[in-house]
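For reference, the chains in residue letters:
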Amino acid sequence: MQHDLILKGARVIDPSQDHDGICDVAFADGRVSGFGRDLPAGPATQVRDMEGAIVTPGLIDLHTHVYWGGTSLGIDADDFCRTSGVTTSVDTGSAGPGNFAGFRSHVIERSQARILAYLHVSFAGIFGFSKTIMVGESEDPRLMAPREAVEVADANRDVIVGIKVRVGRHASGDQGTAPLDIALQVAEETGLPLMAHIDEPPPSYEQVLAMLRPGDVLTHAFRPFPNSPITAQGAVKPALREARARGVLFDIGHGKGSFAFRTARAMLAGGFLPDTISSDVHQLCIEGPAFDQVTTMSKMLCLGMSLTDVIAASTVNAAVALKRMEYGTLKVGALGDATVLAVRDGAFDYVDTRGEHMTGAQRITAEGVVLKGRWWHPA
């Protein structure tokens, strides 16, 4: 095999293969072409010395908003992915069936980084989310578009990975679980998983969990009170363990208001780790408190998750949620995406969405990105 690129001598952490050790990773024709010690380089092979670095499968951020220019909350996917070490950005409901064609044509197909999407069941997606305008798109039943959502999802199976709905006082007003019921019907009809946003009640955390199916994702799962997943005494609520036992997945979805250190400490103390770590990065949180994917990963590392678990929650676990197992792995034949990381020691300031600051002893930083088998960033 003639390799195009070899990352040589890194500490490779690939939870999909239970691997943590010194290894070379090679790429050819946009795929992983080699995995092991002392991979041979040909005359045209680019070899990069990775001694002292950590190489992982390409990071997947399962919750982002990257419909730049099409929605007020959208950020530029390529700029974000380069600096955060993300190779696959999953947009979660920025676009609905009424404007997904624009998202696909103007952003997804023009982006260098991979973009996948959960399609919003609301006709125009998240259309009124800015510093000055806040309109809950799930509050008006007239905006629910189940027929159109099925048609658009079926026509865009290559990039649409699921259905998105937002419920809670801010997103759906007094509608309770009605938007969720409609979204679940779309998910059933298309055979796709659902991602549910939850904010303040109504509905309650428990009501939402009770409706989710195996493979569905609850995002903002480590949110603060009200609608926190923990009791006043800091115990994980039984409904979460019941939902996990039947296959519901729990995602961080940090964002502007949906992650609290107090909640995270209690969840980890109760042995309830997130399935996936995501930033929910958008225009109102990219300059804080979420910042980016590696900052969100760093917070979970400093709260007590192991480095391997943090990486798994940003790679193979996300691939499971997406039902796309060629993502999030460095197995030979998989997508040719990899992220180069470093873990810095020091005293680092982190802040949650409630303004609590935490000094952490470590910070994960993105040092390089391989995308589609080529060294992408930094040049």
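Residues numbered from 1 in each chain as written. Predicted model: local features only at pLDDT ≥ 70, side-chain atom pairs only at ≥ 80, totals over all residues. Heavy atoms only, no water.

The protein appears in an unreviewed UniProt entry as Amidohydrolase/deacetylase family metallohydrolase from Methylobacterium oryzae.

### With respect to the overall build of the protein
Assigned secondary structure in the protein consists of 11 helices and 17 strands. In terms of C-alpha radius of gyration, the protein reaches 20 Å, essentially the compact-globule figure of 21 Å for 379 residues. Each of the three principal axes of the protein carries a C-alpha extent, and together these read 65 × 45 × 40 Å. Scored against the burial criterion, the 379 residues of the protein give a buried share of 62%. For the protein, the share of sequence-separated contacts (at least 6 apart) that also reach a separation of at least 24 residues comes to 74%. Carbon together with sulfur atoms contributes 51% to the accessible area of the protein, which is approximately 14,200 Å² in total. Counting 34 positive and 44 negative side-chain charges, the protein places the averaged centre of each group 1 Å from the other. (Helix = DSSP H or I, 4+ residues; strand = E, 2+ residues; numbered from the N terminus. Rg over C-alpha atoms; globule rule 2.2 N^0.38 Å. Buried < 20%, exposed > 50% of the residue type's maximum accessible area, 1.4 Å probe, protein only. Contact = heavy atoms within 4.5 Å. Areas by Shrake-Rupley, 256 points an atom, 1.4 Å probe, with all protein chains shown as cover. Lys, Arg positive; Asp, Glu negative; His and termini not counted. Charge placed at Lys NZ, Arg CZ, Asp CG, Glu CD.)

### Considerations on the packing of aromatic side chains
This structure, assessed with the given rule, holds 4 aromatic pairs. Measuring from centroid to centroid gives 5.9 Å for Phe100 and Phe103, while their planes differ by 90 degrees, and the two rings are edge-to-face. In this pair, Phe100 and Phe103 both sit in helix 2 (residues 100-108), 3 residues apart, roughly one turn of the helix. Taken as a pair, Phe100 and Phe103 share a single burial class, namely buried. Their ring planes at 85 degrees and their centres at 5.9 Å tell us that Phe259 and Phe261 sit as a pair that is edge-to-face. An aromatic cluster of three or more residues is present, and its members are Tyr67, Phe100 and Phe103. Sitting over the face of the ring of Phe272, Arg244 holds its NZ or CZ atom 3.8 Å from the ring centroid. (Phe/Tyr/Trp six-rings, centres within 6.5 Å; stacked < 30°, edge-to-face > 60°. Lys NZ or Arg CZ within 6 Å of the ring centre and 35° of its normal.)

### Topic: the pairing of strand 8 (residues 114-120)
The buried count for strand 8 comes to 7 of 7 residues, which makes it a mostly enclosed element. One crossover worth recording links strand 7 (residues 86-92) to the parallel strand 8 by way of helix 2, and it is right-handed. (Right-handed = clockwise from strand over helix to strand, strands pointing away.)

### Quick notes on the pairing of strand 17 (residues 374-377)
As paired elements, strand 16 (residues 357-371) and strand 17 share 3 bridges and run antiparallel to each other. Note on strand 17: the bridge partner recorded for Leu371 is Arg374. In this structure, the hairpin formed by strand 16 and strand 17 is closed by a connection of 2 residues, where Lys372 is found at a positive phi of approximately 55 degrees. (Pairing = 2+ DSSP bridges.)

### Considering the packing of helix 8 (residues 261-269) against helix 9 (residues 293-303)
As a packed pair, helix 8 and helix 9 sit with axes 10 Å apart at the nearest point and diverge in direction by 50 degrees. Regarding the angle of helix 8 to helix 9, the classification is oblique. Along this stretch, helix 8 crosses helix 9, giving a crossing that reads as right-handed. Contacts between helix 8 and helix 9 involve Phe261, Ala264, Arg265 and Leu268 from the first element and Lys299, Met300 and Leu303 from the second. Among the residues forming the contact of helix 8 with helix 9, the class breakdown is 5 nonpolar, no polar and 2 charged. (Axes fitted to C-alpha atoms, helices over the stretch in contact; angles between N-to-C directions. Parallel < 35°, antiparallel > 145°, perpendicular 65-115°, else oblique. Left-handed = near helix turned anticlockwise from the far one by under 90°. Nonpolar A, V, L, I, M, F, W, Y, C, P; charged D, E, K, R; others polar.)

### Side note on the sheet that holds strand 8
Picture the strands of a sheet paired through backbone hydrogen bonds; they go either parallel or antiparallel. The parallel open sheet is built from 7 strands, whose spatial order is 6-7-8-11-12-13-14. Only two strands of the sheet have a single partner each, and these edge strands are strand 6 (59-64) and strand 14 (249-250). The pairing of strand 13 (residues 217-219) with strand 14 spans 2 bridges and is parallel. The residue bridging Val217 from the neighbouring strand is Leu249, located in strand 14. Each of strand 7, strand 8 and strand 11 (160-167) touches helix 2; the most contacted strand, strand 8, lies at about 170 degrees to it.

### Some words on the side chain of Thr263
Here Thr263 is to be found in helix 8. At a separation of 3.0 Å, a polar atom in the side chain of Thr263 contacts the main-chain carbonyl oxygen of Arg223. When sequence neighbours within four positions are dropped, the list of residues in contact with Thr263 reads Phe222, Arg223, Pro224, Ser228, Pro229 and Ile230. (Polar contact = N/O pair within 3.5 Å; in protein donor to acceptor, adjacent residues only side chain to side chain.)

### Here we look at unusual backbone geometry
With an omega of -5 degrees, the peptide bond between Pro202 and Pro203 qualifies as cis. Cis geometry is found at the peptide bond from Gly288 to Pro289, where omega equals 10 degrees. Within the secondary structure layout, Pro289 lies in the loop between helix 8 and helix 9. Unusually for a residue other than glycine, Asp38 sits at a positive phi of about 55 degrees. The residue Asn227 is not glycine, and still its phi comes out positive at about 70 degrees.

### Remarks on the environment of Val167
Looking at the element boundaries, Val167 is found in strand 11. Setting aside chain neighbours within four positions, we find Val167 in contact with Ser172, Gly176, Pro179, Leu180, His197, Ile198, Asp199, Pro203 and Val208.

### Concerning helix 9
Counting buried positions over the 11 residues of helix 9 gives 10, a clear majority of the element. For helix 9, the full list of buried residues reads Gln293, Val294, Thr295, Thr296, Met297, Ser298, Lys299, Met300, Leu301 and Leu303. Among the residues of helix 9, the N-terminal cap falls to Asp292, whose side-chain oxygen and the backbone nitrogen of Val294 are separated by 3.4 Å. Of the residues one or two after helix 9, Gly304 is the one with positive phi, at around 130 degrees.

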